[in-house]
Amino acid sequence: MPSSTVGQVIRCRAAVAWEAGKPLVIEEVEVAPPQKMEVRVKILFTSLCHTDVYFWEAKGQTPVFPRILGHEASGIVESVGEGVMELKPGDHVLPVFTGECKDCAHCRSEDSNMCELLRINTDRGVMLHDGKSRFSINGKPIYHFVGTSTFSEYTVTHVGSLAKINPEAPLDKVCILSCGISTGLGATLNVAKPKKGSTVAIFGLGAVGLAAAEGARIAGASRIIGVDLNSNRFEQAKKFGVTEFVNPKDNDKPVQEVIAEMTNGGVDRSVECTGNIKAMISAFECVHDGWGVAVLVGVPNKDDEFKTHPMNLLNERTLKGTFFGNYKPRTDLPLVVEKYMNKELEVEKFITHEATFSDINKAFDLMLKGEGLRCIIRMDA
């Protein structure tokens, strides 16, 4: 990589969202050098996650435009700013929408990954160091997204939002581990923690739910019950270890009662990956009394309320929530990559489409139609 770019403004292509819901436009942007505790990264591969679409549509949140979206990606460090000791040019990295400063109470706790400094902030479109954007077009700022903005050939992030990974790992595969897949996998392995031979219900069979199912498969669950309103998803779900399928629309009783009848009182573990409040309540109420654990992954609407009878808790059911699968980005994500390298985790089956960077709007179209799981976008094409 040419060292001549260090300390210089780089001009490159980026897909800019100029306004809510309108197709992204490939523009030439200026990317400023990294400042204190920042890193500039050459993005090689990125993929589209539903969160990008959600904030592009901007129906329920503060609209921040013009903006460079993207947060699931892989790349190589181009240069580092003042104070960055852990990374150097040439390192292979995964940018992450949350971070790990390694200094706050959450980072020092082995139980939390919710870094005070770098946890996700969807409204902030600037860098922490000086409150300014590193992206501009003709001197006018283009805003950042969740500290990553990977729909650009070069981006600038805080050092705490980059996981340094094995340079042998194929970047066009492991890029999808920086968000959704790790979220689902970790929800099962780190939070639900099913025992070998246990029964697990997965609510929602999109990419995150299938990653949760993959976690249950890795853990040795004997039955993995997939719950989804789309029966067409069951065939694909079998590749991820799902053994049975329930469509709530096919039953005249609540799905939690259906699952309780199927499993002699309830499943040992459930993982909810839809964000639908009814699914969240069902996921909790379908676990067995005495030992059942339900884990909520999906993000609900801001006005939703979770309602269940207190006896469901007093009867020794446990309800948990998780953020990014309880993985600490810098500490744990390199180990998830190693699971893939050691063939414990299959990543390829999550990748259903590919697109060139010029054709990035195709990835949005696929997601809006609900087609496929992950679309890999090649930045050099």
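Before any of the text, the structure's been laid out above.
The rules behind each value
- Residues numbered from 1 in each chain as written.
- Predicted model: local features only at pLDDT ≥ 70, side-chain atom pairs only at ≥ 80, totals over all residues.
- Heavy atoms only, no water.
- Disulfide = S-S within 2.5 Å.
- Helix = DSSP H or I, 4+ residues; strand = E, 2+ residues; numbered from the N terminus.
- Buried < 20%, exposed > 50% of the residue type's maximum accessible area, 1.4 Å probe, protein only.
- Contact = heavy atoms within 4.5 Å.
- Polar contact = N/O pair within 3.5 Å; in protein donor to acceptor, adjacent residues only side chain to side chain.
- Pairing = 2+ DSSP bridges.
- Axes fitted to C-alpha atoms, helices over the stretch in contact; angles between N-to-C directions.

**Q** For this particular structure, what's the right way to read the state of the cysteines?
**A** Working definition of a disulfide: a covalent bond connecting the sulfur atoms of two cysteines. In the structure shown here, the tally under the stated rule is zero disulfides. This cysteine, Cys286, is not joined by any disulfide, and Cys273 carries the nearest cysteine sulfur, 12 Å off.

**Q** For this particular structure, what's the right way to read the environment of His50?
**A** The topology assignment puts His50 in helix 1 (residues 50-57). Along the chain, His50 and Gly99 lie 49 residues apart, while their C-alpha atoms are 20 Å from each other.

**Q** What exactly am I supposed to notice about helix 8 (residues 277-285) here?
**A** What sets the pattern is the α-helix's 3.6 residues per turn: residues three or four places apart point alike. For helix 8, the tally of buried residues reaches seven of nine residues, placing the bulk of the element in the interior. Within helix 8, burial applies to Ile277, Ala279, Met280, Ile281, Ser282, Ala283 and Phe284. Contact partners of the buried residues in helix 8: strand 10 (199-203), helix 7 (255-262), strand 13 (269-272), strand 14 (293-296), helix 9 (310-314) and strand 15 (318-321). With a side-chain oxygen lying 2.8 Å from the backbone nitrogen of Lys278, the N-terminal cap of helix 8 falls on Asn276.

**Q** How should the sheet that holds strand 10 be read in this particular structure?
**A** Spatial ordering of the open sheet is given by 12-11-10-13-14-15, a layout of six strands whose pairing is parallel. Sheet topology places strand 12 (244-246) and strand 15 at the edges, where each strand pairs with a single neighbour. Going from strand to strand, the sheet's axes swing by 20° on average, the running direction of each strand aside. Here strand 10 pairs with strand 13 via four bridges, running parallel. Opposite Ala201, over in strand 13, you have Ser270 as the bridge partner. Relative to strand 13, helix 4 (residues 180-192) is tilted by about 145°, and along the sheet it contacts strand 13, strand 14 and strand 15. Here helix 8 sits on the sheet and contacts strand 10, strand 13, strand 14 and strand 15; the angle it forms with strand 13, its principal contact strand, is near 170°.

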